[in-house]
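Each chain, letter by letter, is given below.
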Amino acid sequence: MSDMALAPVAQVAPTRRTHVIRPVAAKEFLEMRRDRRLLALFAFAALLTLASLGFGAAENARLTRERAAAAEADRLLWTSQGAKNPHAAAHFGQYAFKPTSPLSLADPGVDPYVGSAVWLEAHKQNEAQFRAARDGGIAARLGGLSAAFILQTVAPLIVLLAGFASFSGERESGTLKQLLSLGARPRDLLAGKAVALLGASAALLAPAAIGAAVAVATMTDANRFSLADQFLRLAAMTAGYAVYLAGFVFLALGVSALAKSSRAALVTLLAFWLVNSFLAPRLATDVARGLAPTPTAQEFRAAIAKDKAKSFGHDETHPAFIAFRDEVLKKYGVKDVKDLPVSFRGLSLRKDDENGYAIFDRHFGALQGAYERQDALRASAGFLFPLLALRPFSMAFAGSDSRAQFDFAAAAEAHRRDIQNEVSDNIIHFQRDESYVAGTELWKRIAAFSYRAPAVGFAASGSGEAIAGLIGWLALTVAFALFAIRRLRPL
Amino acid sequence: MSAFLAGLRFEALSLKRERAVWLALGALVAAILFSLHTGAARVETQKSLVAAARAEEAQRIEGLKKTLAKLEAGDAKDEPPPYRDPRNAAFMGGGPAARVAALAPTPLALAAVGQSDLFPPVVKVTTASKDSFLYADEIENPANLMSGSTDLAFVIVFVYPLVLLALTFNLLAGEREQGTLAMTLASARNPRATLAGKLAARVLAPIGATLLAAALGIAAFAGASALASPSFIALATIILLYGLFWAALACAVDGLGKSSSFNALTLICAFVVVTMLAPAGINSLAGYAHPAPSRIDMVLAARAASTDADKARDAALARYTDEHSHEKRDRAREGTLRRLATQEAAFQRVEGVIAQHDAQLDRQRAVADRLSFVSPALLTYRALADVAGAGEARYRGFLDRIAAFHVEWRDFFLSRAKAGTAMTAADYGALPRFAEQGEQTSADMAAPLAGALIPTVLLAIFAARGLRRVRP
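Okay, so let's go over this structure. Not measured: the values here are computed from a predicted model.

The helix and strand tally for chain B stands at 16 helices and 2 strands. Against the 2.2 N^0.38 benchmark of 23 Å for 472 residues, chain B shows a C-alpha radius of gyration of 30 Å, more extended than a compact globule. Residue burial in chain B is summarised as follows: out of 472 residues, 55% are buried. In chain B, of all internal contacts separated by at least 6 residues, the share reaching a separation of at least 24 is 83%. Accessible surface for chain B amounts to roughly 19,900 Å². Of this, 62% is attributable to carbon and sulfur atoms. Taken together, the 50 basic and 43 acidic charged side chains of chain B have centroids lying 9 Å from each other.

All names here are of chain A. Strands sit in the order β1-β2-β3 across an open sheet of 3 strands; the sheet is antiparallel. At either end of the open sheet lies a strand with only one pairing partner, and these are β1 (94-97) and β3 (124-125). Sheet analysis places β1 next to strand β2 (residues 117-121), joined by 4 bridges and oriented antiparallel. In the sheet register, F97 faces β2, and the bridge partner there is A117. Where helix α15 (residues 402-430) meets the sheet, it contacts β1, β2 and β3, and its direction lies at approximately 20° from that of β2.

Applying the stated rule across the entire model yields 33 aromatic pairs over all chains. Relative to F97 of chain A, the ring of Y95 of chain A lies with its centre 6.1 Å away and its plane at 20°, an arrangement referred to as stacked. Grouping residues by exposure puts Y95 of chain A and F97 of chain A together as buried. Ring centres of F272 of chain A and F385 of chain A lie 5.9 Å apart, and the angle between their planes is 20°; this geometry places the pair in the stacked category. Taken as a pair, F272 of chain A in helix α10 (residues 262-291) and F385 of chain A in the loop between α13 (344-379) and α14 (387-398) lie far apart in primary sequence, 113 residues in all. In this structure F385 of chain A comes out as partly exposed when scored by relative accessible area, which is 24%. A network of ring pairs unites the aromatic residues W273 and F278 of chain A together with F154, F158, Y160, Y242, F245, W246 and F271 of chain B as a single cluster. Over the ring of F347 of chain B we find R410 of chain B, and its NZ or CZ is 3.7 Å from the ring centre.

On to the packing of α14 of chain A against helix α18 (residues 464-486) of chain A, then. Packed helices, taken two at a time, are described by the angle their axes make and the gap between the axes. Residue and element names in this part refer to chain A. In the contact formed by α14 and α18, the axes pass within 8 Å of each other and the chain directions differ by 135°. One finds that α14 runs oblique with respect to α18. Considering the relative orientation of α14 and α18, their crossing is left-handed. Side by side, α14 and α18 meet where A389, L390, P392 and F393 of the first sit next to A466, I467, G469 and L470 of the second. Of the residues that constitute the contact of α14 with α18, the class distribution is 7 nonpolar, 1 polar and no charged.

Rules used in this analysis
Per chain, residue numbering runs from 1 following the sequence as it is written. As they are written, the chains are lettered A onward and the ligands numbered 1 onward, keeping that order. The predicted origin of the model limits local features to residues at a pLDDT of at least 70 and limits the giving and counting of side-chain atom pairs to 80 or more, whereas totals for whole chains, interfaces and linings rest on all residues. Side-chain measures here rest on the full set of heavy atoms in the structure, leaving out hydrogens and waters. A run of H or I in DSSP counts as a helix once it spans at least four residues, and a run of E counts as a strand once it spans at least two, with each numbered from the N terminus. Values of the radius of gyration come from C-alpha atoms, whereas the globule rule sets the reference at 2.2 Å times the count of residues to the power 0.38. To sort residues, take the accessible area from a 1.4 Å probe on protein chains only and compare it with the maximum for the residue type: under 20% means buried, over 50% means exposed, and anything in between is partly exposed. Contacts between residues were defined by any pair of non-hydrogen atoms, one from each residue, lying within 4.5 Å. Each accessible area is a Shrake-Rupley estimate made with a 1.4 Å probe; only the visible protein chains count as cover when residues are assessed. Working convention for charge: Lys and Arg count positive, Asp and Glu count negative, and His plus the chain ends are omitted. Think of each charge as sitting on NZ of Lys, CZ of Arg, CG of Asp or CD of Glu. When DSSP finds two or more bridges between two strands, those strands count as paired. To obtain an axis, a line is fitted to C-alpha atoms, over the contacting stretch when the element is a helix, and the angle between two such axes runs from 0 to 180 degrees between their N-to-C directions. Pairing of aromatic rings covers Phe, Tyr and the six-membered ring of Trp, with a centre-to-centre limit of 6.5 Å; geometry is then stacked below 30 degrees between planes, edge-to-face above 60, and tilted otherwise. Geometrically, a lysine NZ or arginine CZ counts as sitting over a ring once it is within 6 Å of the ring centre and also within 35 degrees of the ring normal. Throughout this description, any angle smaller than 35 degrees is read as roughly parallel, any larger than 145 degrees as roughly antiparallel, any in the 65 to 115 degree range as roughly perpendicular, and the remainder as oblique. Handedness of a crossing is defined here by the sense of rotation of the near helix relative to the far one, left-handed for an anticlockwise turn of less than a right angle and right-handed for a clockwise turn. For this scheme, ten residues count as nonpolar: Ala, Val, Leu, Ile, Met, Phe, Trp, Tyr, Cys and Pro. Four count as charged, namely Asp, Glu, Lys and Arg, and the remainder, Gly too, count as polar.

Have a look at this one:
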């Protein structure tokens, strides 16, 4: 601190603010460059980020290959299932596989904790199956190496380590007194130090942003994803992380200005980092789970079964079945289903499916609502503990959050309904007796599941709370730093 | 010894006067008690899941028995379709009579979530291939699963070492910077014993508070009897060893003779590497070396097998019809035989795929296990999950027992279905039961003990050398 370039400050201190800000920023940069430990930390973080992007890219490519191959194999199974009654084919069903979002290589989000395949079968809306985390073991519960993980936890720590002594160190070495006595305004000192630390934050962020951009440009399948959309998403993610780290810059400066010693500043900042990185996400989850509980799987299925029991399924003695049959007979003006010009079995299957659609929409919609309430509760303290806001923001733009999963599940369910409708229509028009079978022509006419992930607007529309949280966090820390430097006093 | 005790007593007194120490210890104790409180609620939920599944099973089987009694007495209005007929063994074993296999929580289940939020405590075993029932998930917001819960394992692995580090990182450096080190060394008859005593006070305070809070919390939320279990001794040993590892590390760094700031930065970097980066890196490396198998392969294999069996059945039926065109077709019997054929084909194919997957996961796990020795935090987390009965080994054991029960269950129903024998009330009374394991769990403590003990001893030796070198 003692080698501070005082001369430029002394010469121009009372005049233009930039003449103070610039040398202060230059001096801070110089000190950071001279601090070999800090440089080593930056280099280590950059290497770690690039390595994690490498792991993410390899995993992403593997999953994309696996799912594409599985979709092809399942299509072959569907089209070559042989001659059978169309309703039997509907029971055999198809599988829908979730395409891996290109940016999940940087932030896998909830992907390991949701299923990747949905069985589209007759009568039932199924949940996605096969959570990868089940096979991940205990180590996976302590976090996977991803660029998001590094930027969310390690990068703010490095910012705090680079900035904790910004004011307190100057106070301890006596240079703060000199600076203030020369007429340097605390606000300008803050701006200069902030510029330096923001530059350091940008250096932490750059390898991730550039690495992810290169990976996305080279790995994205243009037939499935728009490259422009992926770059917009990446730009939004970069902006979010920049705001997140900028908040830590101002927090470090504010605490450093207020703290009695560098040691006290370090301890305070480390305590905050610990709470933000580890305690807050878990505590917020426990609170959210308590305030917006979700049903157990058994309760959920029992509630659906209870509603479904009001419809008739395959039960021809069910009062609803008899009422529907009477209604159909009346509509066609005949006395027996045998006299109908169409297959009554097909009509009843379609009617039962339609009854089911409303029931599934209600129950799955309520479940999604409960998840969204929990997520909103968790993000509500994002302005105080910014990881609570950044995590959902980052996942949303990476296309690896719960909403993206629900969008996929909704598309899969829409496809299931298309299959059911087409199959029932075929029965309605062509089945004359129980021995009726359809063949490859029908199976091929029923399209394969094709899903295109929604554009960046979808991510933005669901990130209002997270964006507000991040902006609030930055505003709060800037205000805190401005407040702290008003009380800036030399020893 | 008296110098050691004098140092310990003096340091204890000065610690008592520091408000920050009380604050840190108070926060640690509060976190432990909160984690055990939420753990107790989680265990209650698990118990209620098992109880609800058992109640549903009892109601379902009772319903089948009643329908069976009506059919046998000739009181039923209509002949039920095969899939609702309690006499039809091929269909009943596949769902309507499915048996619940449950994993009861252990006495210390409140200590760690482990794998319990990913593996439901209840599996409904049927005669179908495992892909249709073994991978059912409990409903949970995926963002909750990602964040994790505030369990005791988390507090021990992440919060406890930070409190320990906060108290021990600058014993020598702090005294040196305050100018009291020279006085301490000069005034003591045995300076090193005095310093060791002071260090012991700083180490024992958080370790003692943690052990005491854990014991009180477990007694309060799981019952005092849980304290008498071998698992609690294992838990206490893990906490003690993990604490000693961090204390030894802090002393080793302090013994280098650098400043408080150097110590703090070095230790926080070590904390990040040991608790965050090493586990994440191990996970990524093991996954890269031996990627987790695609469970979708299993489903596709089952579907391909059932399609093949369906076609084979069609061909066989066509041949039979050609040769016996005068015979009337028994559709219900044909449906049953078709189901048996497709299920059997899918079962065989899925068992093969699962065996391959298990072998692949074993290879991945072996790599992770070998690498986990670089992170005492990971070893501790794993050991705590094992002590709580929520570790990988216990779930693997549960799945193995389900596999054995699955074979027994299939034999029971399929032998009757193949013979064309109708299920009777006696059969329903003699349905195979899943043998539940006792509540106790035998955690393998050798790896975590060795993994934490060896670096602790090495660091302690290094720290002792630093202590010997200490100069005012």
